[in-house]
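Survey of secondary and tertiary structure
Spelled out from the first residue to the last, the chains are:
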Amino acid sequence: ASARIGVTGLAVMGRNLARNFARNGFTVALHNRTEARTRELVDAFGHEGDFVPTGSARECVAALRRPRCLVVMVKAGEPTDDVLQEFAALLEPGDILVDGGNAHFEDTRRREAALREHGIHFVGTGISGGEEGALLGPSIMPGGSDASYEALGPLLERIAARAPDGAPCTAHMGPDGAGHFVKMVHNGIEYADMQLIAEAYDLLRKVAGLAPAEIAEVFRRWNQGRLDSYLIEITAQVLTHTDAETGRPFVDVVADRAEQKGTGRWTVQTALDLGVPVPGIAEAVFARSVSGHADLRAASRHLAGPGARALGGDAAAAFTDRVEQALYASKIVSYTQGFHEIAAGSGKYGWNIDLGRVAAIWRGGCIIRAAFLDRITRAYAAQPGLPSLLTDKGFATEIAAAQDDWRAVVATAATQGVPAPGFASALAYYDSLRAERLPAALTQGQRDYFGAHTYRRTDRDGVFHTLWAGDRTEAEG
Ligand code: NBP
């Protein structure tokens, strides 16, 4: 046995991860259900490092040094269960099985508990950064036992992306499903970030009257400032691209239907279960859903409403600056919601997730990498029990400065008939949190009226019910 680590499942992600381990000096055992893929990898990239190709699960396990570390990179769902079962039967107590696929954290919890019975450490690991990240350095979010991280951590730290300060973009997130939970919320935040950027683009196009190439310039400029991030950078790239066939801007020839694989939906479903408000992430998921309803959209196209009138000139430039403020403020709100969800999940499942560390390992390698994440790490470092990112002094000050423009952008979007659900919902969330009184008092009154659901009073303790159908006296419940 000579291999320090094994990878089974050698499609795009597994292959690149295996190469990344090898390029970093680790001997890697290779395995794939269809053996041709294993041979292809060795033929094409064998020169990059030490690979041990194997033709069966048994051979693969035999090639691994103890304690054995095997990364499973197969399709999420049933294939993952099949592969885990096959390998678990061959492993020994103390060995480590890593699932790097996009598993639901509840599946990870179930698998971890089952494998723990056999003494096998199961590490559900979020990996972000796509194909390129897997090869050049992803952001890695491992869950599992402390002991598993002791053995696996040094390897992951070698292959992970580096943050601008040189720190590896991986850290132990917490027991069992913590890693996959954090990855899920990462993706939810990614949905929200992308939606906000799309709304900014739409407003710059329809209200400011800018062409895609001009908007690309705006994003390039924004990328020099506080919005500096991978998603803003690639937005500029996509908007600059021209379709070779028609000569038109690429963004105008792509069908306006955004697809999804499900992690955004999981983030929202989980938030609903936890009772955590994540309207920004939900709006982003729903916006993709609305875009996909072609029939509904076609049937609704004639509905009354204003058409946007392009501003042009100085007014367009001033509006562009306002959109930057709205985008930044809304972004702070989506991260606030995402971190609230992580804190709630951590509390419910007893993961003890370090929120500042989560932000720190997202600074490189992953899709939402951004300069901004440093600020979040600092906010939690300054106040570990921060109830909400919005209450961090720095963020609160920035939002205070941005809010007039933010409100103006939401108002303009509404009066000009340009949908901006992300900006609007972020603002509504912000105003809901700061409201002295919410109309929830009326909602609770209605609930008591039709269902005798009772209510609490502002002026004394206890639970009350008004006899609505009778003389409307109040009874203590
Ligand atoms: P796929 O998700 O397309 O899975 C293909 C791999 O699964 C192949 O190695 C295939 O073997 C194997 N496989 C299947 Br399908 N069913 C199997 C079974 N019953 N038993 C054994 N092996 C089976 O690959 P991917 O796009 O590289 O993604 C791998 C994992 O990483 C997924 O969970 C994905 O969600 C996750 N992920 C992907 C990305 C990304 O950007 N693509 C990013 C982050 C995470 P075969 O060669 O024999 O068919």
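Residue numbers run consecutively from 1 along every chain, following the written order of its sequence. Where totals are concerned, whole chains, interfaces and linings use all residues; where local detail is concerned, this predicted model gives features only for residues with pLDDT of at least 70, and gives and counts side-chain atom pairs only at 80 or more. Excluding hydrogens and water, the side-chain values take into account all heavy atoms of the structure.

An unreviewed UniProt entry lists the protein chain under the name 6-phosphogluconate dehydrogenase, decarboxylating, with Streptomyces qinglanensis as the source organism. Recorded in UniProt for the protein chain, the comment headed Subunit (unreviewed entry) runs: "Homodimer." The UniProt entry for the protein chain carries the following text under Sequence similarities (unreviewed entry): "Belongs to the 6-phosphogluconate dehydrogenase family." UniProt positions are given in the numbering used here, feature names are shortened, and annotations may be inferred rather than shown by experiment.

**Concerning a positive patch on the surface**
Residues enter patches when their relative accessible area tops 30% and they take part in no salt bridge; the joining distance is 9 Å for like charges and 5 Å for the nonpolar side chains Val, Leu, Ile, Met, Phe, Trp and Tyr. A 1.4 Å probe and the Shrake-Rupley method give the accessible areas. Residues count as covered only by the protein chains that appear here. Basic side-chain nitrogens of Lys or Arg form a salt bridge, by our definition, when they fall within 4 Å of a carboxyl oxygen of Asp or Glu. Within this scheme the basic residues Lys and Arg register as positive and the acidic residues Asp and Glu register as negative, but His and the chain ends are omitted. Every charge is mapped to an atom, namely NZ of Lys, CZ of Arg, CG of Asp or CD of Glu. A contiguous patch of positive charge, built from Arg-4, Arg-65, Arg-158 and Arg-162, is present on the exposed surface. With respect to the helices and strands, Arg-4 occurs in the segment before strand E1 (5-8). A run of DSSP states H or I qualifies as a helix once it reaches four residues; a run of E qualifies as a strand once it reaches two. Both are numbered from the N-terminal end.

**A look at the site of the ligand**
Taken together, 20 residues lie near the ligand, and Met-13, Asn-32, Arg-33, Thr-34 and Arg-37 sit nearest. With respect to the ligand, the side chain of Thr-34 contributes an N or O atom lying 2.5 Å from an oxygen atom. Definition of a polar contact: a pair of N or O atoms within 3.5 Å, with one able to donate and the other able to accept a hydrogen when the atoms are protein atoms, and with sequence-neighbouring residues admitted only if both atoms are side-chain atoms. Within the contact set of the ligand, an oxygen atom lies 2.6 Å away from a side-chain nitrogen or oxygen of Arg-37. Taking 910 Å² as the accessible area of the ligand by itself, protein coverage stands at 76%. For the shell around the ligand, the secondary structure elements donating two or more residues are helix H1 (12-23) and helix H4 (78-88). With three residues, H4 is the largest single contributor of residues to the shell around the ligand. Of the residues that constitute the shell around the ligand, the class distribution is ten nonpolar, six polar and four charged. Working definition: residue near molecule or strand if any one of its non-hydrogen atoms lies within 4 Å of it. Charged residues are taken to be Asp, Glu, Lys and Arg, nonpolar residues to be Ala, Val, Leu, Ile, Met, Phe, Trp, Tyr, Cys and Pro, and polar residues to be all remaining types, Gly included.

**What about the packing of aromatic side chains?**
Aromatic rings from Phe, Tyr and Trp, taking only the six-membered ring of Trp, are treated as a pair when their centres fall within 6.5 Å; an angle between ring planes under 30 degrees marks them as stacked, one over 60 as edge-to-face, and anything in between as tilted. One pass over the structure, following the stated rule, counts 15 aromatic pairs. Note on Phe-219 and Trp-222: the rings are 5.1 Å apart at their centroids and 75° apart in plane angle, and the pair reads as edge-to-face. With a gap of three residues between them, Phe-219 and Trp-222 both fall in helix H9 (residues 212-222), about one helical turn apart. In terms of burial, Phe-219 and Trp-222 fall into one category: buried. Three or more aromatic residues joined by ring pairs form one cluster here, namely Phe-105, Phe-181, Tyr-349 and Trp-351. Any Lys NZ or Arg CZ that is within 6 Å of a ring centre and within 35 degrees of that ring's normal is treated as a charge sitting over the ring. Positioned over the ring face of Phe-45 is Arg-19, at 3.5 Å from the centre of the ring. Summary of the burial criterion: residues with accessible area below 20% of their type's maximum are buried, those above 50% are exposed, and those between are partly exposed, where the area comes from a 1.4 Å probe applied to protein chains only.

**Quick notes on the UniProt feature "domain: 6-phosphogluconate dehydrogenase C-terminal" (unreviewed entry) in the protein chain**
Feature annotation in UniProt assigns "domain: 6-phosphogluconate dehydrogenase C-terminal" (unreviewed entry) to the following positions: residues 179-469. Note that residues 179-469 is 66% helix and 1% strand, and that its end C-alpha atoms are spaced 52 Å apart.

**Notes on the state of the cysteines**
Cysteine sulfur atoms that pair up within 2.5 Å are treated as a disulfide. With the rule as written, the count across this model stands at zero disulfides. Here Cys-60 stays free of any disulfide, with the sulfur of Cys-69 as its closest cysteine sulfur at 12 Å. Take Cys-60: its relative accessible area is 0%, and that puts it in the buried class. A relative accessible area of 4% means that Cys-69 is categorised as buried.

**Remarks on the environment of Asp-193**
Checked against the element boundaries, Asp-193 lands in helix H8 (residues 178-206). Asp-193 sits in the buried class, given a relative accessible area of 5%. Placed 28 residues apart in sequence, Asp-193 and Arg-221 show a C-alpha to C-alpha distance of 18 Å. The contact criterion used is simple: two residues touch if any of their non-hydrogen atoms lie within 4.5 Å. Setting aside chain neighbours within four positions, we find Asp-193 in contact with Leu-231, Lys-331, Tyr-335 and Ile-368.

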